[in-house]
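# Descriptive analysis of the structure
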Amino acid sequence: MLVKEEKILQTYFGYETFRPGQVATIEHILQLKNTLAVMPTGGGKSLCYQIPGLSMDGTAIIISPLISLMKDQVDALNSYGIAATYINSSLTAGEQQTRLRDISSGRYKFVYVAPERFESGSFVNLVRKIRIALVAFDEAHCISQWGHDFRPSYRSIVPNLKKLNNIPVFVALTATATEEVINDIKELLHIEHVVNTGFERDNLSFHIVKGKDKTSYIRSFLQEHPNESGIIYTATRKQADTLHEQLTRRGTNVAKYHAGMSEIERKQAQAAFIHDESSIMIATNAFGMGIDKSNVRFVIHYAMPMNIESYYQEAGRAGRDGEHSDCILLFSQQDVQLQKFLIEQSLMDDAAKQNEYHKLQEMINYCHTHSCLSSFILEYFDDKVTKMTCGRCSNCVELKEKDDITEEAQMILSCVKRMGERFGVGMTAKVLKGSRDKKLKEFRLDQLTTYGIMSAYTEKELTERIHFLIAERLLATEEGKFPTLKLNQNSVDVLKGKRPVEMFTLTIPTSDEADYQ
Ligand code: ADP
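To start, this report covers the structure provided alongside it. (Residues numbered from 1 in each chain as written. Predicted model: local features only at pLDDT ≥ 70, side-chain atom pairs only at ≥ 80, totals over all residues. Heavy atoms only, no water.)

What follows concerns the site of the ligand. Taken together, 15 residues sit near the ligand, with Tyr-15, Thr-17, Gly-42, Lys-45 and Ser-46 positioned nearest. Within the contact set of the ligand, an oxygen atom lies 3.2 Å away from a side-chain nitrogen or oxygen of Arg-19. A distance of 3.1 Å separates an oxygen atom of the ligand from a polar atom in the backbone of Gly-44. If the ligand stood free it would expose 560 Å²; the protein chains cover 79% of that surface. Counting residues per element, the shell around the ligand draws most heavily on helix α3 (residues 45-55), at three residues. Looking at the shell around the ligand residue by residue, the class counts come to four nonpolar, seven polar and four charged. (Near = heavy atom within 4 Å. Polar contact = N/O pair within 3.5 Å; in protein donor to acceptor, adjacent residues only side chain to side chain. Areas by Shrake-Rupley, 256 points an atom, 1.4 Å probe, with all protein chains shown as cover. Helix = DSSP H or I, 4+ residues; strand = E, 2+ residues; numbered from the N terminus. Nonpolar A, V, L, I, M, F, W, Y, C, P; charged D, E, K, R; others polar.)

Following this line, the structure appears as structure tokens:
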């Protein structure tokens with residue numbers, strides 16, 4: 001099987017054997033079956049369409065969302081002596097014309113284009129006239145409105161492409177796809193086979209850090225990891241600017257990348273990082289898609305991102321070379337507020353906002369769970385979880401001693417019930433504490449029998465426990481701008497004493513008090 005293709009792998013790319021998932025994907029494509037490949041970052045998705053592209057007659061068209069990504073891919077193919085080119089808005093009209101002419105003469109094996117290109121009738125006509133090997137959608141999750149990076153143009157061109165009857169096979173590739181997104185891609189592109197290698201990245205260790213001064217944490221981390229390459233993601237440009245200034249002032253050589261910088265500045269920063277002139281990159285989520293830097297040893301999230309898809313994709317830029325790498329998320333409650341604000345400010349309709357709130361809640365749950373962090377992520381993606389503890393993440397390593405907190409959980413849950421399931425985490429903690437908050441009196445919550453029943457705890461401890469119950473699905477939240485707590489079947493089981501609740505001993509943070517207010 002795949003004798004010719006294995007030869008191509010060895011002679012062009014210099015690799016001995018295929019990786020998991022590559023063989024199945026390539027075989028389906030060669031049988032002209034529309035195929036979706038879901039593989040983790042660094043899994044080797046490009047070869048899945050490049051090898052059939054070389055093996056089949058005609059030109060392979062690759063639709064890719066990012067200009068920088070196209071150039072890198074084309075440069076890499078050219079360096080292997082393969083005829084490849086790209087067409088996008090970075091080229092002059094003259095350059096575009098020359099390339100289009102060369103494409104129509106069948107000179108290239110690979111042509112990378114942005115989706116918008118198919119909105120032009122003349123390009124569609126050109127594609128109609130030449131011999132096509134395959135059409136591949138890179139970063140295919142961008143096709144789906146359920147995906148975290150939806151590009152409408154990715155979706156709108158599909159009907160036009162389907163009308164062309166000279167495309168033998170469609171290929172879709174992504175590293176991040178929930179069941180919903182996979183189904184959406186399948187339906188849209190008439191996918192016949194899905195090759196899903198799972199998402200697990202054995203070489204990554206996930207960590208949640210709470211209640212620390214973030215900048216000091218980063219400073220000491222960098223001191224302890226000198227000469228290592230890493231990315232620090234911030235939630236806003238302003239955070240990136242501030243952190244960059246703080247670290248630069250101390251003499252650390254750090255690059256910076258965000259959409260507020262000029263294109264030249266961004267290019268320079270990216271090049272400095274890729275070529276290891278600056279080992280650290282401080283960036284917003286504008287940085288990274290398609291960046292193939294293999295030796296990134298850590299990715300630190302200065303602030304929690306909007307959802308687990310984004311988090312896993314960004315964190316997954318660590319360790320593409322398979323070496324052990326760390327993914328650290330610095331959590332603070334303010335970041336939750338920031339993300340809610342960003343959702344509210346967005347132009348999405350109410351249904352889309354609701355969907356974003358739901359995903360945000362899962363991200364928050366990730367920060368509060370006591371389960372294995374790798375397993376939590378894999379379960380989120382509906383992946384087959386092979387083991388419940390990775391033995392590497394901060395929960396597996398640091399959380400050792402368990403406490404039975406069934407009684408506390410029952411008090412919290414019955415308080416939620418008595419409050420009519422109409423309030424959020426903060427107010428519930430206040431009632432349990434017996435706070436003298438004015439609002440609480442206005443709602444007459446001080447009249448409840450559960451008022452003050454956990455006065456021995458601090459509000460912060462109570463908040464942490466409520467978040468823990470949500471993360472462990474023992475309590476539900478109605479997602480939205482002001483999420484309210486609701487009981488679910490698990491809560492009822494806990495209240496009836498049918499289900500014990502255990503929590504690992506928490507070391508409640510002493511600094512960053514404001515976080516839990
Ligand atoms: P991604 O799935 O993130 O798109 P890439 O296609 O960029 O991953 O591949 C990641 C790295 O793995 C690249 O450097 C690529 O050359 C390498 N690679 C891909 N397939 C193989 C293979 N069969 N053997 C060895 N290295 C491979």
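In this section: helix α5 (residues 93-104). When the terminal C-alpha atoms of α5 are compared, their 16 Å separation across twelve residues agrees well with the 16 Å that a helix rising 1.5 Å per residue should span. Buried within α5 are the following residues: Gln-96, Arg-99, Leu-100, Asp-102 and Ile-103. Down the axis of α5, the buried side of the element spans an arc of 160°, and every buried residue falls inside it. As for α5, its buried residues are in contact with β3 (84-87), β4 (110-113) and α6 (121-129). A positive phi of about 75° marks Gly-106, the residue just after α5. (Expected span 1.5 Å × (residues − 1). Buried < 20%, exposed > 50% of the residue type's maximum accessible area, 1.4 Å probe, protein only. Arc of directions from axis to C-beta. Contact = heavy atoms within 4.5 Å.)

Describing an aromatic ring pair means giving the distance of the ring centres and the angle of the ring planes. The tally for this structure, following the rule as stated, stands at 16 aromatic pairs. On the numbers, 4.8 Å between centres and 75° between planes, the contact of Phe-221 with Phe-298 is edge-to-face. Here Phe-221 is found in helix α10 (residues 214-224), whereas its partner Phe-298 is found in strand β12 (residues 296-301), with 77 residues between them in sequence. Phe-298 carries the same exposure label as Phe-221, and that label is buried. Three or more aromatic residues joined by ring pairs form one cluster here, namely Phe-206, Tyr-311, Tyr-312, Tyr-366, Phe-376, Tyr-380 and Phe-381. Here the guanidinium or amino end of Arg-99 rests over the ring plane of Tyr-86, the centre of that ring lying 4.8 Å away. The ring of Tyr-302 is capped by Lys-214, whose NZ or CZ atom sits 5.3 Å from the centre of that ring. (Phe/Tyr/Trp six-rings, centres within 6.5 Å; stacked < 30°, edge-to-face > 60°. Lys NZ or Arg CZ within 6 Å of the ring centre and 35° of its normal.)

Here we take up the side chain of His-258. Along the chain, His-258 falls in the loop between β10 (254-257) and α12 (263-274). The class for His-258 is buried, based on a relative accessible area of 5%. Looking at His-258, its side chain comes within polar contact range of the main-chain nitrogen of Gly-260, at 3.0 Å. Leaving out residues up to four positions away in the same chain, His-258 has contacts with Arg-237, Ala-240, Asp-241, Arg-266 and Thr-284.

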